[in-house]
Amino acid sequence: MSLVRVHNFSVSLDGFGTGEGQQLETPFGHAGSRLMDWAFETRTFREMGFHGESEGSFGVDEAFASQWKPTIGAEIMGRNKFGPQRGPWQDEEWKGWWGENPPFHTPVVVLTHHPRPVLEMEGGTTFHFVDAGPEAALEQARALAGGLDVRIGGGVDTVRQFLAADLIDHMHIVLVPVLLGRGERLWDGLEGLEQQFEIEATPSPQGVQHLVFTRRGKDRP
């Protein structure tokens, strides 16, 4: 059976995975870029088109960041990660934050209460808009993944739903030394989660902590 994985998911010291007030100009709300600054300086994120101040690092952060892609056959994301619109689609011309050639290059299942036709993009990314719970969405993603692993890409509520449903095998959380105070908190309702995983922590010179959760009894990806 393929694994279900989370990669490069950043949370603040007080547990928020995004700030308050997400909109087109501020995808992470009032958090701005603070949760992801560590990633923008890695070679992996630079190759995905994100801008940083360096040529792209090869150190600890890059070692973790680069694991997001190998053996992934499909992604599942919430509608908030796909775009800022809420409710019925007012504009189906919106094709995501990433331009004509998104970095996924796989099928992507977008969870929404308002399905729309499949959206085919350059580079092999296809967005499938479905109204489904975690189990049904995972079944569809696995059918699209061709035997490879499925990545849960976010946002916060989507990752939390899959954790609550006990469907995640491997998870990379990046603990960022900022306090947001408001937004969407990842860990609410997940008391005792640590008992289901082996957890390893690796510090980075950038000040973040890379936390790797591996489900007990499962092979590592």
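Note that the structure is a prediction, hence the values are computed from the model and not measured.

Parameters and conventions
Residues numbered from 1 in each chain as written. Predicted model: local features only at pLDDT ≥ 70, side-chain atom pairs only at ≥ 80, totals over all residues. Heavy atoms only, no water. Pairing = 2+ DSSP bridges. Helix = DSSP H or I, 4+ residues; strand = E, 2+ residues; numbered from the N terminus. Contact = heavy atoms within 4.5 Å. Axes fitted to C-alpha atoms, helices over the stretch in contact; angles between N-to-C directions. Salt bridge = Lys/Arg side-chain N within 4 Å of Asp/Glu carboxyl O. Buried < 20%, exposed > 50% of the residue type's maximum accessible area, 1.4 Å probe, protein only.

*Asks:* I'd like a rundown of the sheet that holds strand E5 (residues 119-120), residues and numbers included.
*Replies:* If you trace the nine strands from one edge of the open sheet to the other, you get E5-E6-E4-E3-E7-E1-E8-E11-E10, paired in mixed fashion. Each having just a single partner strand, E5 and strand E10 (197-203) make up the two edges of the open sheet. Here strand E3 (residues 72-78) runs beside strand E7 (residues 149-154); their pairing, made up of five bridges, is parallel. Across the sheet, Ala74 pairs through a bridge with Val150, a residue of E7. On the sheet, helix H6 (residues 156-164) packs against strand E1 (4-12), E3, strand E4 (107-111), E7, strand E8 (170-176) and E10 and is oriented at approximately 135 degrees with respect to E7.

*Asks:* Could you give me a rundown of the pattern of salt bridges, with the residues and numbers involved?
*Replies:* Pairs can form between side chains of opposite charge once their charged atoms are near each other. Summed over all chains, the structure comprises eight salt bridges. For Arg5, the salt bridge goes to Asp149, with nearest N and O atoms at 2.8 Å. With Arg5 in strand E1 and Asp149 in strand E7, this residue pair connects regions lying 144 residues apart in the sequence. A relative accessible area of 3% places Arg5 in the buried class. Note that Arg160 is salt-bridged to Asp157, the shortest N-O span being 3.2 Å. Here Arg160 pairs with Asp157, and both are found in helix H6, just three residues apart, close to one helical turn. Taken together, the shared-partner salt bridges connect Glu75, Lys81 and Arg151 into one network.

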